[in-house]
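Chain residues, written in single-letter form:
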Amino acid sequence: MTAMTQPAQPPATSSLAMIRTLGVVATVCGVLLVLTYQNTLEAIEANKLIALQRAVFKVIPGAASMQAYYVSPAGLVEASGPPPPGGMKFIAARDAAGNLKGLAAEAGAMGYADMVRVLYAYDPAGQVINGYGVVSHRETPGIGDKIITDPRFLDNFRALDARLNDAGTALVNAIKGVKHGARQNAWEIDAISGATVTSRAVAKGINDSAGKLLPLLRPHIEKLKEAP
Amino acid sequence: MIPGREQPTNLQEFLEGLWQQNPVFVMVLGLCPALAVTVSAVNALAMGAATTFVLLGSALLVSLLRNFIPREVRIATYILIIATFVTIVDYLIAAISLTVYEALGPFIQLIVVNCMILGRAEAHSSKNPPLRALTNALGMGLGFSLGLLALGSVRELFGSGSLFGIALFGADFQPWVVMLLPPGGFFVLGAWLLLFNWWRTRSPATLKPAEVQGHG
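Residues numbered from 1 in each chain as written. Chains lettered and ligands numbered in written order. Predicted model: local features only at pLDDT ≥ 70, side-chain atom pairs only at ≥ 80, totals over all residues.

A.B. asks: Would you explain the overall build of chain B in this entry?
C.D. replies: A tally of helices and strands in chain B yields nine helices and two strands. Since a compact globule built from 216 residues should have a radius of gyration of about 17 Å, the 18 Å found for chain B is in line with a globular shape. Its C-alpha atoms give chain B principal-axis dimensions of roughly 60 × 45 × 25 Å. Residue pairs at least 24 apart in sequence account for 78% of intrachain contacts in chain B once pairs closer than 6 positions are excluded. (Helix = DSSP H or I, 4+ residues; strand = E, 2+ residues; numbered from the N terminus. Rg over C-alpha atoms; globule rule 2.2 N^0.38 Å. Contact = placed C-beta atoms within 7 Å.)

Right under this line is the structure:
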């Protein structure tokens, strides 16, 4: 059967034939790719939105709807397109009656293996972080991934102190991770024994994000409470 | 595949990859995804299905174009075709389930460098008509999935105490975490290879066809 595909040393292929083959194959592949991209784009975007919504509703219990915003020194705008310069993204979650249930934002810092990205919920009334969930991580299974399940670690985020100073420019106390069992203050995060690096990454990510976001948000909290 | 040799039947083509030349247990090809994503049975199945899809797509296209592709540019062409199907499967998985997509992470894109797929294009699809190429690719894909599933279910069983996400051993089970780490992948693969080789050497009847085809 292979007699036809292995003729006795064929004459050299012309350069044109080679370029033509690659050109035709590349064009066919290009068309296939564009078609797939266009036909799956909507489903992928919808999936991402559902995943985000599920994560937000998990860190803010009682939420029924959500809206993403950009906040920057210039003001507050509904999120669409690229963020304004110096802007940060956050999500306002409301209950069925339209009351503000809480604000959520994403935070990230370098963990043991890669970026640890988490979502945290901020309660403007109590000025505390009262919800937390892991968005993505590549930490060691069975060790670093305890940040998702360890009940004592999750207790850190019942009412994590995130008060702003009187001028509203920075957190009164920086949020930081401390060694397992060493937590003394409401702004400290008790690390998981054996997963200190990952735990500290969570703390650093939240501190960096909240330290920047909360001062920007402060002038707009009242407006967010009203807006449906 | 060799002039003068009797042409294998469709069933033989299919069984070649599924059993006699199983990519994981006999040819030991495509180990990067085989070791990296098989921490659970579901991951293994998803990776197996994605790889099978790429195998089928590239086998069909390579086989259709086999008389049209000059030898000099065949590798570039195969790589282009394989990369296209990998990107397609990447979009498809993200559209079907983000959970699976995130669990498999960068390993979907890395199917592009799975040596088994380029090996099939070069050794089989480029020399056979479409139906035959597809049959062989399906067998190889299922054989690969079977291999991954064998690794994934054992690792999930020991490493998480569950199978397909269903806990089997109750709350007292202390997971054997090393099974989920890279060394665990090597342990389990080694154990399976041991089992397969032992089984193959003790039944000479099954050894022969594999040996014969191994040179083709």
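A.B. asks: Which parts of the structure should I look at to understand the overall build of chain A?
C.D. replies: For chain A, the helix and strand inventory stands at five helices and nine strands. In sequence order, the secondary structure elements of chain A are arranged as α-β-β-β-β-β-β-α-α-β-β-β-α-α. The C-alpha radius of gyration of chain A comes to 25 Å, more than 25% above the 17 Å expected for a compact globule of 228 residues. Overall, the C-alpha framework of chain A stretches about 85 × 45 × 30 Å when taken along its three principal axes. Partitioning the contacts of chain A with sequence separation of at least 6, the portion at a separation of at least 24 is 55%.

A.B. asks: Mind showing me how you'd approach the packing of helix H1 (residues 10-20) of chain B against helix H7 (residues 130-160) of chain B here?
C.D. replies: Residues and elements named next belong to chain B. Look at H1 against H7: their axes get within 6 Å of each other, and the N-to-C directions meet at 25°. With respect to H7, the element H1 is oriented roughly parallel. Crossing angle aside, the handedness with which H1 passes H7 is right-handed. Between H1 and H7, the residues in contact are Asn-10, Glu-13, Phe-14, Leu-15, Glu-16, Gly-17, Leu-18 and Trp-19 and Arg-132, Thr-135, Asn-136, Leu-138, Gly-139, Met-140, Leu-142, Gly-143 and Leu-146, respectively. For the contact of H1 with H7, the residue count by class is eight nonpolar, six polar and three charged. (Axes fitted to C-alpha atoms, helices over the stretch in contact; angles between N-to-C directions. Parallel < 35°, antiparallel > 145°, perpendicular 65-115°, else oblique. Left-handed = near helix turned anticlockwise from the far one by under 90°. Nonpolar A, V, L, I, M, F, W, Y, C, P; charged D, E, K, R; others polar.)

A.B. asks: Teacher, can you tell me more about the interface of chain B and chain A here?
C.D. replies: Note: interface size is frequently given as the accessible area lost on complex formation between the parts. Chain B puts 28 residues into the contact, and the matching count from chain A is 25 residues. Here the side of chain B that touches chain A gets eleven residues from one element, more than from any other, and that element is helix H4 (residues 74-96) of chain B.

A.B. asks: Explanation requested: the nonpolar core in the structure shown.
C.D. replies: For soluble globular proteins, the rule of thumb is that nonpolar side chains tend to be buried together. Formed by 50 residues in total, the largest nonpolar core has its most connected members in Ala-50, Val-54, Ile-81, Ile-82, Val-89 and Leu-151 of chain B. In contact with Ile-82 of chain B, other than residues within four places in its own chain, are Val-54, Ser-58, Val-112, Ile-117, Leu-118 and Ala-121 of chain B. In terms of nonpolar packing, the next biggest core, distinct from the first, is built from 42 residues, Val-59, Val-116, Ala-191 and Val-202 of chain A among them. (Core = buried A, V, L, I, M, F, W, Y, C linked by C-beta atoms within 7 Å. Buried ≥ 20, exposed ≤ 12 C-beta atoms within 10 Å, placed from the backbone.)

A.B. asks: I would appreciate a short explanation of the sheet that holds strand E5 (residues 115-123) of chain A in the present structure.
C.D. replies: Residues and elements named next belong to chain A. Taken in spatial order, the seven strands of this open sheet run E2-E1-E3-E4-E5-E6-E7, and their pairing is antiparallel. Only two strands of the sheet have a single neighbouring strand rather than two, namely strand E2 (75-78) and strand E7 (160-161). Where strand E1 (residues 65-72) and E2 come together, four bridges link them in antiparallel fashion. Bridge pairing in E2 links Ser-72 to Gly-75. Sitting on the sheet, helix H1 (residues 15-59) touches E1, strand E3 (88-94), strand E4 (100-110), E5 and strand E6 (128-136), and the angle it makes with E6 is about 150°. Set on the sheet, helix H4 (residues 196-217) makes contact with E1, E3, E4, E5 and E6; between it and E4 the angle comes to about 130°. (Pairing = 2+ DSSP bridges.)

A.B. asks: Explain the pairing of E6 of chain A to me, please; I cannot follow it from the model alone.
C.D. replies: In regular strands, side chains alternate between the two faces of the sheet. All names here are of chain A. Pairing between E5 and E6: seven bridges, direction antiparallel. Note that in E6 the partner of Arg-117 across the bridge is Ser-136. As paired elements, E6 and E7 share two bridges and run antiparallel to each other. Across the sheet, residue Val-128 finds its bridge partner in E7, namely Asp-161.

A.B. asks: Help me understand unusual backbone geometry in this model?
C.D. replies: As a rule of thumb, non-glycine residues mostly have phi less than zero, and peptide bonds are mostly trans rather than cis. For Gln-127 of chain A, which is not glycine, the phi dihedral falls at a positive 50°. Along the polypeptide, Gln-127 of chain A turns up in the loop between E5 and E6. On the basis of neighbour count, Gln-127 of chain A is assigned to the partly exposed category, with 16 C-beta atoms found within 10 Å. With a phi close to 50°, Val-28 of chain B is a non-glycine residue in the positive phi region.

A.B. asks: Explain the pairing of E5 of chain A to me, please; I cannot follow it from the model alone.
C.D. replies: Residues and elements named next belong to chain A. Across eight bridges, the pairing between E4 and E5 is antiparallel. What sits directly across from Ala-107, in E5, is Val-118. Linking two consecutive strands that pair antiparallel, namely E4 and E5, is a turn of four residues. Between E5 and E6, which pair antiparallel and follow one another directly, the connecting turn spans four residues, one of which, Gln-127, has a positive phi of 50°.

A.B. asks: How do you make sense of the packing of H1 of chain A against H4 of chain B when you look at a structure like this?
C.D. replies: When two helices pack together, their arrangement is given by the angle between the helix axes and the distance between those axes. Following both chains from N to C, one finds H1 of chain A and H4 of chain B inclined at 10°, their axes separated by 8 Å at the closest point. Judged by the inter-axis angle, H1 of chain A sits roughly parallel to H4 of chain B.

A.B. asks: Mind showing me how you'd approach H7 of chain B here?
C.D. replies: Residues spaced three or four apart along an α-helix point in a common direction, a consequence of the helix completing one turn every 3.6 residues. Its 31 residues place the ends of H7 of chain B 42 Å apart at the C-alpha level, agreeing with the 45 Å of an ideal helix rising 1.5 Å per residue. When you tally the buried positions in H7 of chain B, you get 24 out of 31 residues, the bulk of the element. (Expected span 1.5 Å × (residues − 1).)

A.B. asks: Can you walk me through the confidence of the model for chain B in this structure?
C.D. replies: Caution applies to low-pLDDT regions: their predicted coordinates should not be interpreted in detail. Residue and element names in this part refer to chain B. Looking at chain B, pLDDT values average 85 and 91% of them are 70 or higher. In this model, residues 210-216 is a region of pLDDT below 50 whose contacts with residues beyond four sequence positions or in other chains number eight contacts. Here the predicted complex carries an ipTM of 0.77, next to a pTM of 0.76. (pLDDT = per-residue confidence, 0-100.)

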